[in-house]
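Below, each chain spelled out in residue letters.
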Amino acid sequence: MNRSISNVATPAIAPSILTADFGRLRGQIHEAEAAGVDLIHLDVMDGHFVPNISFGPLVISAIREATTLPLDVHLMIEHPERYIDAFVEAGADLITIHVESTPHPHRAIQQIREQNVEAGIAVNPATPLSAVEELLENVQLVLLMSVNPGYGGQAFIPQTPEKIRKMRSMIDERKLDRVRIEVDGGINRETIRTASAAGADIFVTGSSVYSDREPVSTAVSALRGALGA
Ligand code: DX5
Ligand code: ZN
């Protein structure tokens, strides 16, 4: 089975389960799958790199059993290199580390690639794109944070589209067209249009998909409609 994120058709919708009902996680994953999402985004938080604590490899293994969709694992943890093997073992298809989380992001990316798993590099809102410029040849994805990481349900930071445009030009100028741009945080029916027009390929959607307001399928269709896809 090819679960490569590089092969996922774009624009792609990647629900984050952070605001899902954890008491019936399998059902919530199936609802997203039935709604036609492209991948599942998994937010791992350690209470150090970000103020919140979420879940780790054990929960990801259970999700791996529940779906054939690609698993996009977003590590918001210090010393990510210590845990990469555990997340590979749990069934991650792509592992994204934060450039701010280790003095040796290049080494951590190498470690991910050596296991034949795709690698992504994430950038916090306050971090300039120059921090990841030297890593672009080594990754399959750049994750631009459109909120400060740690919690679901925050508002999209208005400077993000400009950052997406800059990243798009950097990728295009260097002819790295297989590197995907993912945007994460505060994506809803309005901001998804702006982020898409700026050049993002993959849209992480937490609270706009998993909420008490409407079924997952209605939310996903509305986001697809907003993308015109
Ligand atoms: C933030 C996480 C996001 C977030 C998305 O730290 O990386 O994936 O949970 O949730 P919403 O879409 O609610 O901003
Ligand atoms: Zn995330």
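Just so it is clear, the structure is predicted and the values come from calculations on it, not from any experiment. (Residues numbered from 1 in each chain as written. Chains lettered and ligands numbered in written order. Predicted model: local features only at pLDDT ≥ 70, side-chain atom pairs only at ≥ 80, totals over all residues. Heavy atoms only, no water.)

Participant: Sorry, what's going on with the site of ligand 1 here?
Facilitator: If you check the shell around ligand 1, you find 20 residues, and the closest are Asp43, Gly150, Gly153, Asp184 and Ser207. Gly150 has a polar backbone atom sitting 2.7 Å from an oxygen atom of ligand 1. Asp184 is positioned such that a nitrogen or oxygen atom in its side chain is 2.6 Å from an oxygen atom of ligand 1. Breaking the shell around ligand 1 down by element, the ones donating at least two residues are strand 2 (40–45), strand 3 (71–76) and strand 8 (202–205). The element best represented in the shell around ligand 1 is strand 2, accounting for three residues. When its residues are assigned to classes, the shell around ligand 1 shows seven nonpolar, eleven polar and two charged. (Near = heavy atom within 4 Å. Polar contact = N/O pair within 3.5 Å; in protein donor to acceptor, adjacent residues only side chain to side chain. Helix = DSSP H or I, 4+ residues; strand = E, 2+ residues; numbered from the N terminus. Nonpolar A, V, L, I, M, F, W, Y, C, P; charged D, E, K, R; others polar.)

Participant: I would appreciate a short explanation of the pattern of salt bridges in the present structure.
Facilitator: Opposite charge on two side chains permits pairing when their charged atoms draw close. Throughout the structure, instances matching the rule amount to ten salt bridges. Close ionic contact of Arg224 with Asp38 constitutes a salt bridge, the shortest N to O distance being 2.9 Å. Taken together, the positions of Arg224 in helix 7 (residues 216–227) and Asp38 in the loop between helix 1 (25–34) and strand 2 put the pair 186 residues apart, joining distant regions of the chain. Looking at Arg224, the relative accessible area reads 17%, which means it is buried. By relative accessible area, which is 18% here, Asp38 ends up buried. By sharing partners, the salt bridges in this structure join Arg3, Arg64 and Asp93 into a single network. (Salt bridge = Lys/Arg side-chain N within 4 Å of Asp/Glu carboxyl O. Buried < 20%, exposed > 50% of the residue type's maximum accessible area, 1.4 Å probe, protein only.)

Participant: Explanation requested: the coordination of the zinc ion (ligand 2) in the structure shown.
Facilitator: Metal coordination angles in their ideal form are 109.5 degrees for the four-donor tetrahedron and 90 or 180 degrees for the six-donor octahedron. Around the zinc ion (ligand 2), the protein contributes the donor atoms His41 (NE2), Asp43 (OD), His74 (ND1) and Asp184 (OD), at 2.0 to 2.3 Å from the metal centre. Coordination at the zinc ion (ligand 2) is octahedral: its six donor atoms span angles of 68 to 169 degrees at the metal. For the zinc ion (ligand 2), all donor residues lie on one chain, and their spacing in sequence is H-x1-D-x30-H-x109-D. A residue pair is termed long-range when its members are at least 10 positions apart, and His41 in strand 2 and His74 in strand 3 qualify at 33 residues. (Donors = N, O, S within 2.8 Å, 3.2 Å for Na, K, Ca; no water. Tetrahedral: all angles 85-135°; square planar, octahedral: opposite > 155°, others 65-115°.)

Participant: Please explain the side chain of Thr127 as it appears in this structure.
Facilitator: Tracing the sequence through the fold places Thr127 in the loop between strand 5 (118–123) and strand 6 (141–145). When its relative accessible area of 13% is taken as the criterion, Thr127 is described as buried.

Participant: Sorry if this is basic, but what is going on with the pairing of strand 5 here?
Facilitator: A regular strand places its side chains on the two faces of the sheet in alternate fashion. With six of its six residues buried, strand 5 lies for the most part within the structure. Alternating positions in strand 5 separate into two faces, Glu118, Gly120 and Ala122 on one and Ala119, Ile121 and Val123 on the other, with burial throughout. Relative to strand 5, strand 4 (residues 94–98) is paired through five bridges, and the arrangement is parallel. Residue His98 lies in a different strand from strand 5, and its bridge partner there is Ala122. (Pairing = 2+ DSSP bridges.)

By themselves, these are just geometric observations and shouldn't be taken as functional.
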